[in-house]
Amino acid sequence: METELIRLQADTSGQDFRLRVLRFQGSGNAASVYIQAALHAHEMPGMVAIDRLIPRLIEAENSGRLAGNVTVLPHANPVGLAQGLNGETLGRFDLNSRVNFNRSFPTKPAKELSGKPASERLKATLIDIAIQSDVVLDLHCDDEGPLYLYVSEHQLGEGHRLARALQASVILTDTSTDPISFDLAVGNRWAAESRSDDARFAATVEFRGMLDVTPALAEQDAEGLYRYLAAIGTIVDELPDLFTEDPIVGHVDAAELIPSPAPGALLYDVDVGDWVKKGQRLAVVLSEPGAHHEEIQSPFDGFVMTRRNQRLIRRGDDVIKVLCHP
Ligand SMILES: [Zn+2]
């Protein structure tokens with residue numbers, strides 16, 4: 001394993017960021033893989049899974065079982081990691097530009113962006129590194145949610161292989177040509193540089209919720225990533241077949257975020273993973289104790305994908321995501 005520290009100039013004097021890139025050298029020409037965690041700087045499940053994966057990658061590299069190069073960025077966002085407010089690392093939006101760290105990706109390489117803010121140069125740097133690999137996995141998590149994937153619709157087959165390895169319960173497919181997220185921006189750059197072919201695959205992995213950070217889940221998710229690397233031949237290992245249920249597959253537009261019509265305390269009636277019927281009460285919002293509450297109903301039959309991890313909400317806040325699945 002070789003460690004590269006990429007220096008990223010901050011936007012103020014006297015500061016620099018460091019991006020840590022771990023490179024594992026494969027001995028064959030199997031698929032090369034790029035894995036990054038915590039692009040949303042406060043999302044820890046992917047980072048702790050990578051911590052458990054690294055010893056396995058070192059062992060595979062040292063024993064000659066690594067057949068393709070693997071590049072790992074355990075924490076992809078030192079810019080966001082440095083931004084805190086009132087004791088909390090916010091992580092999702094750049095506090096300076098207010099732009100989501102997983103949106104608005106530059107189309108140019110980092111070397112052409114020297115005068116741009118650090119968050120833009122960071123995004124370009126990540127894409128510059130990622131597009132060198134055949135497979136790109138961007139590890140995130142939701143507020144509260146199951147293990148689920150975002151993949152382009154035309155890559156659903158490979159999405160199923162990844163879902164089997166990780167034991168993901170849902171795959172959301174995207175047909176958009178607008179490269180809004182990291183995995184889609186990587187796909188766009190591959191296409192722009194005529195690197196797109198059937199061997200290239202990029203996905204966003206949502207490793208459940210913000211608080212699903214435990215030794216057991218880290219181990220399980222490292223095992224899942226290892227299993228996927230073995231499934232695509234990047235690691236040479238014969239693993240017994242895993243029994244997994246087929247994931248629920250839905251289009252990203254069928255997963256609807258439902259906003260609250262009122263502010264107040266949020267009381268959920270349903271949990272992540274529940275099946276619900278159209279009109280079923282999902283939550284109660286208590287605006288004025290003893291006087292007023294509002295109910296939030298499901299707009300269709302479906303599957304509860306995600307919930308907020310806060311229980312005080314403002315009017316118009318999205319509080320629950322239901323995947324329409326008649
Ligand atoms: Zn995220």
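Keep in mind that what you see is a predicted model, and the values were worked out from it rather than measured.

Caption draft 1: Seen up close, the pairing of strand β13 (residues 264-268). Inspection of the sheet shows β13 paired to strand β18 (residues 312-313) by 2 bridges, in the antiparallel sense. Paired with A265 across the two strands is L312, which belongs to β18. As judged from the 4 bridges shared by β13 and strand β15 (residues 281-288), these two strands associate in the antiparallel manner. Following the sheet pairing, A265 is matched in β15 by L286.

Caption draft 2: Structural detail: the coordination of the zinc ion. H40 (ND1), E43 (OE), E43 (OE) and H140 (ND1) make up the full set of protein donors to the zinc ion, lying at 2.0 to 2.4 Å. Bound by 4 donor atoms, the zinc ion shows angles of 56 to 147° at the metal and therefore irregular coordination geometry. Expressed as a motif, the donor residue spacing for the zinc ion is H-x2-E-x96-H. Here H40, found in the loop between β3 (33-37) and α1 (45-62), pairs with H140, found in strand β7 (residues 135-142); they are 100 residues apart in sequence, far enough to count as distant. By the burial criterion, H40 is buried, and H140 matches it.

Caption draft 3: Looking closely at the environment of D317. With respect to the helices, strands and loops of the structure, D317 is situated in the loop between β18 and β19 (318-324). When the C-alpha atoms of D317 and H40 are compared, they prove to be 20 Å apart, with 277 residues separating the residues in sequence. Beyond its immediate sequence surroundings of up to four residues, D317 is in contact with I258, P259, S260 and R308.

About the thresholds
Residues numbered from 1 in each chain as written. Predicted model: local features only at pLDDT ≥ 70, side-chain atom pairs only at ≥ 80, totals over all residues. Heavy atoms only, no water. Pairing = 2+ DSSP bridges. Helix = DSSP H or I, 4+ residues; strand = E, 2+ residues; numbered from the N terminus. Donors = N, O, S within 2.8 Å, 3.2 Å for Na, K, Ca; no water. Tetrahedral: all angles 85-135°; square planar, octahedral: opposite > 155°, others 65-115°. Buried < 20%, exposed > 50% of the residue type's maximum accessible area, 1.4 Å probe, protein only. Contact = heavy atoms within 4.5 Å.

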